[in-house]
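In case you want the letters, here they are:
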Amino acid sequence: MDRDANLRVTDFGEVDLGFTETEVRAEAARCIQCKKPTCVNGCPVGIDIPAFIHACEMGEFREAARIIKKDNMLPAICGRVCPQETQCQGECVLGNKDMPISIGHLERFVADWERREGIETPVRLPATGKKVAVVGSGPAGLSAAAELARLGHTVTVFESLHEAGGVLMYGIPAFRLPKDIVRTEIEQVKKLGAEIKTNYVVGRSVPVAELLGYDAVFLGTGAGLPYFMGLPGENLCGIYSANEFLTRVNLMGANRFPEMDTPVKKGKKVVVIGGGNVAMDAARVARRMGAAVTLMYRRGEADMPARLDEVRHAKEEGIEFMCCTNPVRFIEGENKAVAGVEAIRMELGSPGDDGRCSFEPIDGSNFTVEADVVVEAIGQGPNPLLLRMLPELARNKNGSVAVNCLGQTSVPKVYAGGDVATGAATVILAMGTAKDAARAIDKMLRGASQF
Amino acid sequence: MYEIVKAHALSKAVFEMWIRAPQVARNAQAGQFCIIHPDGAGERVPLTISGTEGDLIRISFMAIGTTTKLLSTLSAGDCLRDVVGPLGMPSDIAKGPETVVIVGGGVGVACTPIIAQAAKDAGNYVIGIIGARNKSLLILEDEMKAICDELFVTTDDGSYGIKGFASGPLQTLCESGRKIDKVWIIGPGMMMKVTSSVTKPYGIKTYVSLNPVMVDGTGMCGSCRVVVGGRMLFACVDGPEFDAHQVDWDDLLARQRMYVADEKQSVEYHEAHHECRCRKVE
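The structure presented is a predicted model; accordingly, all values stated were derived computationally and were not measured. (Residues numbered from 1 in each chain as written. Chains lettered and ligands numbered in written order. Predicted model: local features only at pLDDT ≥ 70, side-chain atom pairs only at ≥ 80, totals over all residues. Heavy atoms only, no water.)

Within chain B one finds 9 helices and 16 strands. For 282 residues, the compact-globule estimate of 2.2 N^0.38 gives 19 Å, and the C-alpha radius of gyration of chain B, at 18 Å, lies within 12% of that figure. For chain B, the spread of C-alpha atoms along the principal axes amounts to about 60 × 40 × 35 Å. Within chain B, the proportion of its 282 residues that are buried is 58%. (Helix = DSSP H or I, 4+ residues; strand = E, 2+ residues; numbered from the N terminus. Rg over C-alpha atoms; globule rule 2.2 N^0.38 Å. Buried < 20%, exposed > 50% of the residue type's maximum accessible area, 1.4 Å probe, protein only.)

Before going further, it helps to examine the nonpolar core. General note: in soluble globular proteins, nonpolar side chains tend to be found buried as a group. Ile 49, Phe 52, Ile 53 and Phe 218 of chain A are the most contacted members of the largest nonpolar core, which has 78 residues in total. The biggest single contributor to this core is helix H18 (residues 427–445) of chain A, with 11 residues. Once residues lying within four places of it in the same chain are set aside, the contact partners of Ile 49 of chain A are Cys 39, Val 40, Cys 43, Cys 88 and Ile 103 of chain A. Core analysis: the next-biggest nonpolar cluster, separate from the first, contains 39 residues, Ile 35, Ala 166, Ile 204 and Val 247 of chain B among them. (Core = buried A, V, L, I, M, F, W, Y, C linked by side-chain atoms within 4.5 Å. Contact = heavy atoms within 4.5 Å.)

The peptide bond linking Phe 257 of chain A to Pro 258 of chain A adopts the cis configuration, its omega dihedral lying at 5 degrees. With respect to the helices and strands, the residue Pro 258 of chain A is situated in the loop between helix H13 (242–251) and strand S7 (269–273). In this structure, Pro 86 of chain B follows Gly 85 of chain B across a cis peptide bond, with omega equal to -5 degrees. Residues other than glycine seldom take positive phi values, yet Gln 33 of chain A does so here, at roughly 50 degrees. Relative to the helices and strands, Gln 33 of chain A resides in the loop between helix H2 (21–29) and helix H3 (38–41). Gln 33 of chain A gets classed as partly exposed once you look at its relative accessible area, which sits at 30%. Even without glycine at this site, Asn 335 of chain A takes up a positive phi of about 55 degrees. Of note, Asn 335 of chain A is situated in the loop between strand S10 (325–332) and strand S11 (338–351). Residue classification places Asn 335 of chain A among the exposed residues on the basis of a relative accessible area of 71%.

Moving on, we come to the confidence of the model for chain B. Residue and element names in this part refer to chain B. Of all residues in chain B, 97% attain a pLDDT of 70 or more, and the chain-wide mean is 92. Taken element by element, the predicted model of chain B shows its lowest mean pLDDT in helix H9 (residues 260–273) (88) and its highest in strand S16 (residues 241–243) (97). Long-range and interchain partners of residues 278–282, a stretch whose pLDDT sits below 50, account for 11 contacts in this model, where long-range means more than four residues apart. If you check the scores for this complex, the pTM reads 0.93 and the ipTM reads 0.93. (pLDDT = per-residue confidence, 0-100.)

Moving on: the pattern of salt bridges. Within this structure, the stated rule accounts for 51 salt bridges over all chains. Here Glu 114 of chain A makes a salt bridge to Arg 62 of chain A, at a shortest N to O gap of 3.7 Å. On the criterion of sequence distance, the pair formed by Glu 114 of chain A in helix H8 (residues 103–117) and Arg 62 of chain A in helix H5 (residues 61–71) is long-range, its members being 52 residues apart. According to the relative accessible area criterion, Glu 114 of chain A is buried, its value standing at 4%. Here Arg 178 of chain B ties to Glu 150 of chain B by a salt bridge, and the two come within 2.7 Å at their closest N and O atoms. On the criterion of sequence distance, the pair formed by Arg 178 of chain B in the loop between helix H5 (167–175) and strand S12 (182–186) and Glu 150 of chain B in strand S10 (residues 150–155) is long-range, its members being 28 residues apart. A relative accessible area of 36% places Arg 178 of chain B in the partly exposed class. Look at the salt bridges and you will find they share partners, linking Asp 2, Arg 8, Arg 176, Asp 281, Arg 284, Arg 288, Arg 307, Asp 309, Glu 310, Arg 312, Glu 316 and Glu 317 of chain A into a network. (Salt bridge = Lys/Arg side-chain N within 4 Å of Asp/Glu carboxyl O.)

Taking burial as the measure, the 8 residues of helix H8 (residues 249–256) of chain B include 6 buried ones, the bulk of the element. Residues of H8 of chain B that are buried include every one of Trp 249, Asp 251, Leu 252, Leu 253, Ala 254 and Arg 255 of chain B, and no others. Looking at the packing, one finds that the buried side of H8 of chain B touches strand S6 (239–241) of chain A together with helix H6 (189–199), strand S13 (205–209) and strand S14 (225–228) of chain B. Two or three places before Asp 250 of chain B, at the opening of H8 of chain B, Asp 248 of chain B has a side-chain oxygen 3.4 Å from that residue's backbone nitrogen. (Polar contact = N/O pair within 3.5 Å; in protein donor to acceptor, adjacent residues only side chain to side chain.)

Moving on, we come to H5 of chain A. When H5 of chain A is considered as a whole, its buried residues turn out to be Phe 61, Ala 64, Ala 65, Ile 67, Ile 68, Lys 69 and Asp 71 of chain A. Lining the buried residues of H5 of chain A we find H2, helix H4 (49–57), helix H6 (75–81), H8 and H18 of chain A.

A few words now on the sheet that holds strand S1 (residues 131–135) of chain A. All names here are of chain A. Strand order across the open sheet formed by 5 strands is S3-S2-S1-S4-S16, with parallel pairing between neighbours. Each edge of the open sheet is held by one strand with a lone partner, namely strand S3 (195–197) and strand S16 (414–416). Strand after strand, the sheet turns through a mean of 20 degrees between neighbouring axes, direction not considered. As paired strands, S1 and strand S2 (residues 154–158) are joined by 5 bridges and run parallel to one another. Bridged to Val 134 within S2 is Val 157. (Pairing = 2+ DSSP bridges. Axes fitted to C-alpha atoms, helices over the stretch in contact; angles between N-to-C directions.)

This paragraph deals with the interface of chain B and chain A. Every contact between the two is made by 46 residues of chain B and, on the other side, 42 residues of chain A. Counting across the interface, chain B meets chain A through 2 salt bridges. Here Arg 388 of chain A ties to Asp 238 of chain B by a salt bridge, and the two come within 2.8 Å at their closest N and O atoms. For the interface between chain B and chain A, the tally reads 23 residue pairs in polar contact (both at pLDDT 80 or more). Of all the secondary-structure elements, those providing two or more residues to the side of chain B that touches chain A are strand S7 (82–87), S14, strand S15 (231–234), helix H7 (235–238), H8 and H9 of chain B. If you tally residues by element for the side of chain B that touches chain A, the top one is S7 of chain B, at 6 residues. By residue class, the composition of the side of chain B that touches chain A is 19 nonpolar, 16 polar and 11 charged. (Nonpolar A, V, L, I, M, F, W, Y, C, P; charged D, E, K, R; others polar.)

Next up on the list: the packing of aromatic side chains. Here the structure, examined in full by the defined rule, presents 9 aromatic pairs over all chains. Measuring from ring centre to ring centre gives 5.8 Å for Phe 15 of chain B and Phe 61 of chain B, while their planes differ by 15 degrees; the resulting arrangement is stacked. In this pair, Phe 15 of chain B is assigned in strand S2 (residues 14–20) and Phe 61 of chain B in strand S5 (residues 56–62), connecting sequence segments 46 residues apart. Relative accessible area serves as the criterion here: at 2%, Phe 61 of chain B is assigned to the buried category. When the ring centre of Phe 175 of chain A is taken as origin, the NZ or CZ atom of Arg 288 of chain A, which lies over that ring, is 3.7 Å away. (Phe/Tyr/Trp six-rings, centres within 6.5 Å; stacked < 30°, edge-to-face > 60°. Lys NZ or Arg CZ within 6 Å of the ring centre and 35° of its normal.)

Take a look at the structure:
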């Protein structure tokens, strides 16, 4: 159940309060326990969904947690941030006639139940004596670390920020993913034996030679490099990348300035550019700091890549959606600060070779939107810092690290997963590719064929 | 936690601190910086690494904002929550023999010895120019004298050394026709802008260390974006040192002033609250 929109925009408390036990058991009872469950195909980590739902129906939440955690060490997070409508729930056959099972809510309930009742740490396999370095402690790094530690390897996770969690801490706001939940899940990874070293920048405070001295390396450095549009006036004061805006608030607590030392321009009229989850997060953060927020997106609303829930929540919270609109330049006000965005209307063009219609500007449709803060949420690329230090690492055209189906890179013993390999995607896809890479690393370390 | 091993004032305005941060100290090179995050409520502040010794790094700063004012009250035995680094690209120091000039103004002088020493160690002829508003604000003269082959000292009011700005001796050197291969200028933004204009007509490669507002310092947020040669670059990963003659100074100086009002508000808030933010060893 969601908190009332008028109330929730006044704080950073969680928006969706989840299901009660009664609701969970009733929802679980709706599951028809398909012989060939399609939902599992929709899950990037392949959780045995019917089995955990059955346990929920019986009220056996401990058992449900065990089932989930065989494949997913971070269920409280995934239950909250996965785009279930395009994954497990999107595949649920009940969705053809009625509502699909709310698998995400069930997963979340089980994880929260276990957190309340005491978390069981999975059994570790005997120590192998092999050392693995994991670079980055976001969803990919944590999943790889958990899996590798569980399999008996000695795991060291290097995190460049002062808090572990990567995008789960700096990117996703607390009203969508409370930070104590992230910290609890990270504690679980530590309990499995993984050591997390914060303030370690691989390539800088950890030389590449030292990194390559490990028996295997997993790169999970994510997509941390913000893209800018390259429009005139982009460096005006008050124009942020979504990464900066969100990091200032989520990681540094700038919404509580001056109690916290890090400031952020809160803005009276904020324009957020983009249509993904990050854009929704930035818009809703700005709204909670008191601004009137306009979300500008160059395509139609149906084309937005954001989760449906995020779009719905943003609208409920009074974010104005300005679709089929693209900024063309930023307007300068006093003291080199932004005063507005000049934008142009877009219309559906003819379909390209890929069959997807592009949106094209309508000549002469330019207009101006007033803004004292602008946040660009138009996507991110792989962080260049480590990749520059490892020039022999083969890259894809889009700059991401090239990997094979096992997550192997072009450098021996070095694997990669998550956004750094796939390009900016979801938490669960990062976890899925990381888990696959971790299992491939395990195989390699145990001397199985390297393919 | 990162222990402060030594802390003292270099002048009325500038403080110096040695911090135990082995992974930073062992890997740091001249020109790089670190990020200091003093406690859970604090800001992440980038500061140039002005020296290293074993597992220790040196930072030098003026007590202006909330974080630096706080740092100035700490002493040996106190701890900082986080120190990250070394960050950024090292200074572009070539193997000598080249003639290099290292110019420091105000607090920027604190960052000159590490570059001068690196240049010297690489077999270069090193000329230092250090300036301050007056004699009492001049710092690290002895340290620079010990490293440099030649050292010029300036004060704005003429209370010590040559009267005038640090750009004066630089101008004289350029006019003298002596071959100068590279110049480094470290100081406040306006000082770097003005001083670097001296070498431009002579086509001398001139580096400045830019200090825009940063958050993570690892290329993740874009707060520190600067315009160099018409391109947007991130000072934290592409810099902090850039070709002075390519820098869009107006852009840099405007962005540096973005939080001036907030900084003032923050300082006033802390002065009014006097609360103890316990920063001793936990």
